Amino acid sequence: MNIKVRSRPSSARETRTDMTNEVKDNSFDSTNLLLFIYKWRKTLIVIGLIAAAASITIALIIPNKYKSSVILFPPTTSSVSRALLVDNPNAKQDILAYGAEEEAEQMIQVLNSDDIVNKVAKKYNLMEHYRIDPSDKFAKTSLMREYQGNVSIKRTELLSVQIDVMDEDPNLAANIANDIADLYDSTQQRIRKERALQGMKIVKDAYEHIKAEVDKMQDSLNKLMKLGVNDYESQSDRLHEALGKAILEGKTQAVKELEEQIKLISQYGEAYMTLSGSLEVRRKSMSQMEDKLALAQADVDGVLSSKFVVTHAVPSEKKAYPIRWLIVVVSVIAAELLGILLVIVLENINRVRKELK
């Protein structure tokens, strides 16, 4: 006897029904958000009003800040010698040319240096201005945080450098921005002068060494000239010509004197030629060193501005911060979203509790 087992159709229908209900529940959860918000409207309105009142109070407490800006362009060179005194066109640089990306990045590094920050902080007593207790353990850290929050130095799309300073005092903001730009010049000149002095010392030492050699060679050459060796080649030709003539004329004494002179120049002539040639080479080297020394001296003494100022900072007539309405709007929206999230969590918790009961 064969027994056939069939699946229960009612179970399949129940499964489909459960799936349909689940889809409907999910559909309800996702499409009835507005009804959910309407249900909790009073709570959300209260949250919004509290957030608005709190944000308005905070926005009114925040002091106004004013922004002043300086826009600079770096030059291609600040070297007096390379810009004005070099004769080689390939090595010469245009004093009026704007710098490229590399020069702009270098300018930003110098403007953000501790040297400039410390000078600005000291001149305007920023520790007191930012209401920082000097005796605090982290007073310097707090000062740097406030300074970096109020001073922005960035490169623009046109490869200029923009200095933005925010402060409660519009005049102070403009003064700090202009001083940072001025301090860039003095800082660059100090750095360049230190390096130029080192370069000049190297060139000067080399020049003094060559000059000592030239003086020594000249002294040796003067001694040979006192002995009667003046111009070996022409002098030798003249003496041999005179000797031949004296021999033909039978002038014994003259022949003897000429032979002594020929012997003398033969003895020291080679030394004269060597000294004369070496002296000429050394004098050329000394002349080149004199030119280099003049260029190095020009870099030490000469002053060229390290920046092109496009826009000077002026006191702002309108505050740049805070934007109070934006603070209120963002705070209310954030509070409402947080409120909705909390209400959803509470509802889910209550639902789970009911199911467990």
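Calculation rules
- Residues numbered from 1 in each chain as written.
- Predicted model: local features only at pLDDT ≥ 70, side-chain atom pairs only at ≥ 80, totals over all residues.
- Heavy atoms only, no water.
- Helix = DSSP H or I, 4+ residues; strand = E, 2+ residues; numbered from the N terminus.
- Buried < 20%, exposed > 50% of the residue type's maximum accessible area, 1.4 Å probe, protein only.
- Areas by Shrake-Rupley, 256 points an atom, 1.4 Å probe, with all protein chains shown as cover.
- Contact = heavy atoms within 4.5 Å.
- Expected span 1.5 Å × (residues − 1).
- Salt bridge = Lys/Arg side-chain N within 4 Å of Asp/Glu carboxyl O.
- Pairing = 2+ DSSP bridges.
- Axes fitted to C-alpha atoms, helices over the stretch in contact; angles between N-to-C directions.
- Core = buried A, V, L, I, M, F, W, Y, C linked by side-chain atoms within 4.5 Å.
- Polar contact = N/O pair within 3.5 Å; in protein donor to acceptor, adjacent residues only side chain to side chain.

A.B. asks: Teacher, can you tell me more about the overall build of the chain here?
C.D. replies: Per the secondary structure count, the chain includes twelve helices and four strands. Relative to its full complement of 357 residues, the chain shows a buried share of 30%. Split by element, the accessible area of the chain, about 24,600 Å² in all, is 57% carbon and sulfur.

A.B. asks: Hey, could you run me through the environment of Ile163 in this one?
C.D. replies: Secondary-structure assignment places Ile163 in strand β3 (residues 161-167). On the accessibility criterion, Ile163 (0% relative accessible area) is buried. For the pair Ile163 and Ser152, spaced eleven residues apart in sequence, the C-alpha to C-alpha distance is 5.8 Å. Leaving out residues up to four positions away in the same chain, Ile163 has contacts with Ser68, Ser69, Val70, Leu72, Leu111, Ser152, Ile153, Ala177, Ile180 and Ala181.

A.B. asks: Sorry, what's going on with helix α12 (residues 324-356) here?
C.D. replies: Three or four residues apart is the spacing at which side chains of an α-helix point the same way, because the helix has 3.6 residues per turn. The terminal C-alpha atoms of α12, which comprises 33 residues, lie 48 Å apart, in line with the 48 Å expected from a rise of 1.5 Å per residue. Within the sequence span of α12, burial applies to Val328, Ala335, Gly339, Ile340, Val343 and Glu347.

A.B. asks: Mind showing me how you'd approach the pattern of salt bridges here?
C.D. replies: Any two side chains of opposite charge can pair, given that their charged atoms come close. This structure, assessed with the given rule, holds eleven salt bridges. A salt bridge links Asp185 to Lys307; the shortest N-O distance between them is 2.7 Å. With Asp185 in helix α9 (residues 170-227) and Lys307 in the loop between α11 (252-301) and β4 (308-311), this residue pair connects regions lying 122 residues apart in the sequence. Lys307 matches Asp185 in its accessibility class, with the two residues each being buried. As a salt-bridge pair, Asp205 and Lys201 come within 3.1 Å of each other at their nearest N and O atoms. Residue Asp205 and its partner Lys201 are located together in helix α9, separated by four residues, close to a single helical turn.

A.B. asks: What is the right way to read the sheet that holds strand β1 (residues 66-73) from this model?
C.D. replies: The strands making up a sheet associate through backbone hydrogen bonding, with each pair oriented either parallel or antiparallel. The four strands are arranged β2-β3-β1-β4 in an open sheet whose pairing can be described as antiparallel. Only two strands of the sheet have a single partner each, and these edge strands are β2 (151-155) and β4. The mean angle between the axes of side-by-side strands here comes to 25°, regardless of whether they run parallel or antiparallel. Where β1 and β4 come together, three bridges link them in antiparallel fashion. Each bridged residue has a counterpart across the sheet, and for Phe73 the counterpart in β4 is Phe308. Relative to β2, helix α5 (residues 101-111) is tilted by about 165°, and along the sheet it contacts β1, β2 and β3.

A.B. asks: For this particular structure, what's the right way to read the nonpolar core?
C.D. replies: With 34 residues, the main nonpolar core has Leu111, Val120, Leu126, Ile163, Val165, Ile176 and Ile180 as its most contacted residues. Sort the elements by how many residues they give to this core and α9 lands first, with nine residues. Each residue touching Leu126, except ones within four places of it in the same chain, is listed here: Val120, Ala121, Leu143, Tyr147 and Ile176. The next biggest cluster of nonpolar side chains, apart from the first, holds 16 residues, and it includes Ala196, Ile210, Leu221 and Leu279.

A.B. asks: In this structure, what is going on with the pairing of β2? I would like to understand it.
C.D. replies: Regular strands show a simple pattern: their side chains alternate between the two faces of the sheet. Pairing analysis gives five bridges linking β2 to β3, with the strands arranged antiparallel. Within β3, the position partnered with Arg155 by the bridge is Val161. Connecting β2 to the next strand, β3, in antiparallel fashion are five residues, including Leu159 with a positive phi near 70°.

A.B. asks: Would you mind showing me how to read the side chain of Ser160 here?
C.D. replies: Position of Ser160 among the secondary structure elements: in the loop between β2 and β3. A distance of 2.5 Å separates the side chain of Ser160 from the side chain of Thr156, its partner in a polar contact. Discounting residues that sit within four places of it in the chain, Ser160 has contacts with Ile71, Leu72, Phe73, Lys154 and Arg155.

A.B. asks: Honestly, unusual backbone geometry in this entry has me stumped. Any pointers?
C.D. replies: Phi is mostly negative for residues that are not glycine, and the peptide bonds are mostly trans. Unlike most non-glycine residues, Asn125 shows phi in positive territory, near 50°. Among the structural elements, Asn125 can be located in the loop between α6 (114-123) and α7 (126-129). Exposure remark for Asn125: the relative accessible area of 37% places this residue in the partly exposed category. We note that Leu159 has phi near 70°; this positive angle belongs to a residue other than glycine. Among the structural elements, Leu159 can be located in the loop between β2 and β3. Given a relative accessible area of 28%, Leu159 falls into the partly exposed group.

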